[in-house]
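# Descriptive structure summary
Single-letter residue listing:
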Amino acid sequence: MSVETERSSTESSAASGLDFEDTALTLRLPGSDPDRKRASTSDPDCPSPTAAAADSPPSPKAQVVGWPPVRAFRKNALAASASSARTKFVKVAVDGAPYLRKVDLAAFAGYTTTTSAAAYDQLLAALQDKFISHFTVRRLGNEEMKLVDAVSGTEYVPTYEDKDGDWMLLGDVPWRMFVETCQRIRLMKSSEAVNLAPRAAR
Amino acid sequence: MTYFPEEVVEHIFSFLPAQRDRNAVSLVCKVWYEVERLSRRHVFVGNCYAVRPDRVVLRFPNVRALSVKGKPHFADFNLVPPDWGGYAGPWIEAAARGCVGLEELRMKRMVVSDESLELLAKSFPRFRALILVSCEGFSTDGLAAIASHCKLLRELDLQENEVDDRGPRWLSCFPDSCTSLASLNFACIKGEVNAGALERLVARSPNLRSLRLNRSVSVDTLSKILMRTPNLEDLGTGNLTEDFQTESYQRLTVALEKCKMLKSLSGFWDASPLCVPCIYPVCAQLTGLNLSYAPTLESSDLTKMISHCVKLQRLWVLDCIADKGLQVVASTCKDLQELRVFPSEFYIAGYSPVTEEGLVAISAGCPKLSSLLYFCHQMTNAALITIAKNCPNFTRFRLCILEPGKPDAMTNQPLDEGFGAIVRECEGLRRLSISGLLTDKVFMHIGRHAKQLEMLSIAFAGDSDAGMMHVMEGCKNLRKLEIRDSPFGDAALLGNVAKYETMRSLWMSSCTVTEKGCQVLASKMPMLNVEVINEVDESSEMDESHGGLPKVHKLYVYRTIAGPRDDAPDFVKIL
């Protein structure tokens, strides 16, 4: 869910050429880009929720009774699955950092990120936010991911422990399988990452 | 013909199973009326308030299969207040008095009590089949009564009912002597069932062809059951979300492989993507697949499964499949006849991953497509025109653009021309639901071209009374018209009053009809029940005036020979 500031600034932005939306404070997942299409001018007398729905993306306020026309049974069934098991917090350790953090794997891969690659990117960006101030993410030709601390030059390899207790390289399996099997994450220093499980044959 | 003995006439009528034909022959003369009514085996009552139950039972005392429908369709979307009506009790009581040979009962959108189920279970010695769809008001105790007393029960089919779960006891109430079950569907029961009782029941039901479990049934129980049902044709899975245990899923695969007759698969409650490969062995033989309760499957999981389903005719899926997933469907499922794409998020307008492109791809790849329900967040006229040309065989076309009143995503124009193309090209269209930004023009197209249309659903559409009047004038076969949040008022309501006697019902909610208009309709047409439903709630528009008169919040008009009903609650006024 994202929270957006008042949109009135965009009216003047069209005139001035500056897009204040870029500088607006928002809470949203890094890299996600909500629909910024402006709706056609809405008639304030019109009771339809068109304007509200088009202007502000994830907002539960614009609900019309009985819309969309989906049977209550189906709505309840999907709501039940939405509320259950929709968080998966795992511990994240970074070699050299004094304390661990936790990250919710279920928070990634929403509608704006339907590909595994994008979900992994978001996860790495989130880890970057939590731990190191000057990371870059380097994707090598063979799709291995490495995080490089721009200040110290240290390379980190993202790894995770799966249900069998093996330490695996992040990024090999589809995102949903990763979320199911991941128990904890460790950003290992490259120099130590020599004995990882071999990548599954393609 | 009247010189033939009655047995011969009756024998001739036995070749006319369709209700419409039998209704027609019964009008010919008194003799034929009598022969027909005594030999009628199936009776379908589309509106439980159109006729009194006693009258049906009196006319057709030898009926074997009775179908009754209760609440109007929009009740599915919470537009009909609870306690409005649709009670099954009077029907079951009348049947218990007048046609004890009853074998099958089908009910849709009705309120059924446990007492009624118990009466049903005890009154009909040859009772074989109970099918309840979108009903409410009963608990698993009522099911226990059915299980205990219906010795010849072949079919217990519970589809999307609201059932009060009072524990797993009901399933154990099938006596050991009950070996006749061919179809059991308890997918809508929320709680646990006794796995042992279920396994034993399946083991003693050699005729079992259709089995739909609920989400409490474990993978292991499912595997054990499947080993006993090699002739199963239709399966609704139980729980497929367990922690990935290789052995459990391998057993499931082995069990599924034994089911060579399996044609239809559903369930998949919150299924784990890791279970998807287990289904591969049966995919190639499936004609029906319902994945619409699996929001946990991503587009890639879904396409991997569907790419094996070359014989698929019916597919229900969530919009997580995305346009690219629909392209896989289009290139794989050449026999596809029915497609339903449901929304997985309801309150985030604009985030559905399916758009007009997915539907265009389907229409290009699946020329046999005749039935569609499609929720998406955008559509264009160009796409609809292409779809209409690709698939002229649509009989049911329901398009729901999630954002009410949304225009063509490319041109910002209304979608009148797109839907116009649909009704022009699809001459056999019987059911249509329209959405998006629509003016009176679309109704002009519908009135002019949709000559076979029987059911039309309208929401947030039109500019003026003329819109509704086009439909009332032009759609000669219209039976059900349901409208919400559209600017149609008294002029439209009263434009063609005689037509309501040719229709089953009219629903109008949040339109601009006034109580005065409804009064006029009621006085002109005594054969109609004109129900004004005004709830007192925060969103009530009672104080808004339209020409100085209070607007009617909800209106339900239906033809009837039963007169005003006597079970209406306070908030329903029958004019």
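Residues numbered from 1 in each chain as written. Chains lettered and ligands numbered in written order. Predicted model: local features only at pLDDT ≥ 70, side-chain atom pairs only at ≥ 80, totals over all residues. Heavy atoms only, no water.

The next subject is unusual backbone geometry. Between W67 of chain A and P68 of chain A the backbone carries a cis peptide bond, its omega angle lying at -5 degrees. Of note, D270 of chain B is a non-glycine position whose phi angle comes to about 45 degrees, a positive value. Structurally, D270 of chain B can be placed in the loop between strand 11 (264–266) and helix 11 (276–283). Despite not being glycine, N412 of chain B has its phi angle at roughly 65 degrees, a positive value. By the element assignment, N412 of chain B lies in the loop between strand 16 (396–401) and helix 16 (416–425). Of the residues examined, N412 of chain B reaches a relative accessible area of 48% and is grouped as partly exposed. (Helix = DSSP H or I, 4+ residues; strand = E, 2+ residues; numbered from the N terminus. Buried < 20%, exposed > 50% of the residue type's maximum accessible area, 1.4 Å probe, protein only.)

All right, on to the environment of S190 of chain A then. Summarising the element assignment, S190 of chain A is placed in the segment after strand 7 (184–189). When residues no more than four places from it in sequence are discounted, the contact partners of S190 of chain A are K146, E155, Y156 and V157 of chain A. (Contact = heavy atoms within 4.5 Å.)

All names here are of chain A. Judged by how many residues are buried, strand 5 (residues 155–161) sits mostly within the fold: six of seven residues are covered. Alignment of strand 4 (residues 145–149) against strand 5, held across two bridges, turns out to be antiparallel. The residue bridging V148 from the neighbouring strand is E155, located in strand 5. Counted between consecutive antiparallel strands, the loop separating strand 5 from strand 6 (residues 167–169) contains five residues, among which G165 sits at a positive phi close to 85 degrees. (Pairing = 2+ DSSP bridges.)

A few words now on the packing of aromatic side chains. Considering all chains together, one arrives at 19 aromatic pairs over all chains under this definition. For the pair W67 of chain A and F460 of chain B, a centre-to-centre distance of 5.3 Å together with 85 degrees between the ring planes defines the contact as edge-to-face. Residue W67 of chain A is found in the loop between helix 2 (50–55) and helix 3 (72–83), and its partner F460 of chain B is found in the loop between strand 18 (455–459) and helix 18 (465–474); the two belong to separate chains. For the pair formed by W67 of chain A and F460 of chain B, the shared burial category is buried. Ring centres of F397 of chain B and F419 of chain B lie 6.5 Å apart, and the angle between their planes is 80 degrees; on these two criteria the pair is classed as edge-to-face. (Phe/Tyr/Trp six-rings, centres within 6.5 Å; stacked < 30°, edge-to-face > 60°.)

Read these as geometric descriptors, not functional statements.
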